[in-house]
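Architecture and fold: a report
Chain by chain, the residues run as shown.
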Amino acid sequence: MLNIAIDGLSGSGKSTIARLLADRLEIKCLNTGEIYRAFACAFQDFGYSTVSEETVKDLAKRTRVKIEFEGKKQFVYIDGKEYGTRLRTEEISALTPEVALFKVLRKKVLKLQRDFAKHNDCVMEGRDIGSHVLPHAKFKLFITATAEERARRRYEQLKGTANEAKYEDILKELNARDYADIHREVSPLVPTKKSYIIDTTNMTIEQTIDYIENIIRAK
């Protein structure tokens, strides 16, 4: 199978890049972040008082996960429930890295990811795809941009919505998220030696997709 692994910093545009690249190549796109976000939603719904190894282990043990596609759109179901726009709220964005920190949950998601890649040509994005989930992927991409640019993009995305936030607060949250992702003990966010590092700070999405497509087709 043709597997393309995309990792990158929060807010770097990797989800959009993965989706558009998959469209260009006419293959599926698995959004790993949405799987963890769905678990964060389920964690809230179960009403756990604290995030701990014990509560996350209980969550992983009690839940069943199913991934479905309707056309190009991915849906993640936890015990038959799909969370829609709730996946992208600031509250879930903050909770997700806390829940995803624990090995027991990452092991559960890892099996889902590898099973999917085994049976599908796909682009897969997340924070440890090239380094851990699909170490033998044909192509590995690491998407980055400055924290300031990522915060600006997020600010513009949220402006005028119910989740609107101050630029300074978004920047602070991104810096904290970067530190947590890079320094976590289990599957830290790092590019591999074979990763193509794509800095999107001064690139449009279209320019980025063109650049990546040229790399892939040249191989």
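Residues numbered from 1 in each chain as written. Predicted model: local features only at pLDDT ≥ 70, side-chain atom pairs only at ≥ 80, totals over all residues. Heavy atoms only, no water.

1. Notes on helix α7 (residues 147–158)
- A rise of 1.5 Å per residue sets the reference length of α7, with its 12 residues, at 16 Å; its end C-alpha atoms lie 16 Å apart and thus fit the reference within 8%.
- By the burial criterion, the buried members of α7 are Ala147, Glu149, Arg150, Ala151, Arg154 and Leu158.
- Check the buried side of α7 and you find it contacts α4 (90–100) and α8 (167–183).
- Glycine 160 occupies a position one or two residues after α7 and carries a positive phi of about 85°. (Helix = DSSP H or I, 4+ residues; strand = E, 2+ residues; numbered from the N terminus. Expected span 1.5 Å × (residues − 1). Buried < 20%, exposed > 50% of the residue type's maximum accessible area, 1.4 Å probe, protein only. Contact = heavy atoms within 4.5 Å.)

2. Digging into α4
- If you check which residues of α4 are buried, you get Glu90, Ile92, Ser93, Leu95, Thr96, Val99 and Ala100.
- Next to the buried residues of α4 lie α2 (32–46), α3 (53–62), α5 (103–119), α7 and α8.

3. Some points on the confidence of the model for the chain
- In the predicted model, the chain carries a mean pLDDT of 93, and 100% of its residues have values of at least 70.
- Mean pLDDT across the elements of the chain ranges from a minimum in helix α6 (residues 129–133), with 90, to a maximum in α3, with 97. (pLDDT = per-residue confidence, 0-100.)

4. Examining the sheet that holds strand β1 (residues 3–8)
- Taken together, five strands build an open sheet; the order of strands is β2-β5-β1-β6-β7 and the sheet is parallel. In this open sheet, the two strands that pair with only one neighbour each are β2 (28–31) and β7 (196–199). Along the sheet, successive strands turn relative to each other by an average axial angle of 20°, direction set aside.
- Pairing between strand β6 (residues 139–144) and β7: four bridges, direction parallel. Considered in β7, the bridge of threonine 144 is made with aspartate 199.
- Seen against the sheet, α2 touches β2 and β5 (122–126) and runs at an angle of roughly 40° to β2.
- Along the sheet, α5 contacts β1, β2 and β5; its crossing angle with β5, the most-contacted strand, is approximately 160°. (Pairing = 2+ DSSP bridges. Axes fitted to C-alpha atoms, helices over the stretch in contact; angles between N-to-C directions.)

5. Here we look at the nonpolar core
- Within the largest apolar cluster, 24 residues are counted, with the highest numbers of intra-cluster contacts made by Phe39, Phe43, Leu59, Ile78, Tyr83, Val99 and Leu105.
- Element by element, the count of residues in this core is highest for α2, at eight residues.
- Dropping the residues within four chain positions of it, phenylalanine 39 is found in contact with Leu59, Thr63, Val65, Ile78, Leu105, Lys108 and Val109.
- Counting residues in each nonpolar core, the second largest holds 18 residues, with Ala22, Cys29, Val123 and Ile143 among its members. (Core = buried A, V, L, I, M, F, W, Y, C linked by side-chain atoms within 4.5 Å.)

6. Describing the packing of α2 against α4
- Look at α2 against α4: their axes get within 8 Å of each other, and the N-to-C directions meet at 95°. As far as their axial angle goes, α4 and α2 are roughly perpendicular. Here Tyr36, Arg37, Ala40, Cys41, Phe43 and Gln44 of α2 come into contact with α4, specifically with Glu91, Ile92, Ser93, Leu95, Thr96, Val99 and Ala100.
- Of the residues assigned to the contact of α2 with α4, the class counts are eight nonpolar, three polar and two charged. (Parallel < 35°, antiparallel > 145°, perpendicular 65-115°, else oblique. Nonpolar A, V, L, I, M, F, W, Y, C, P; charged D, E, K, R; others polar.)

7. Overview of the pattern of salt bridges
- Summed over all chains, the structure comprises 19 salt bridges.
- Arginine 86 is paired through a salt bridge with aspartate 45; the nearest N and O atoms lie 3.0 Å apart. Note that arginine 86 is positioned in the loop between β4 (73–78) and α4 and aspartate 45 in helix α2, a separation of 41 residues in sequence.
- Here glutamate 68 and lysine 66 are joined by a salt bridge, their closest N and O atoms 2.9 Å apart.
- Exposure remark for lysine 66: the relative accessible area of 49% places this residue in the partly exposed category.
- One connected set of salt bridges, linked through shared partners, spans Arg24, Glu206, Asp210, Glu213 and Arg217. (Salt bridge = Lys/Arg side-chain N within 4 Å of Asp/Glu carboxyl O.)

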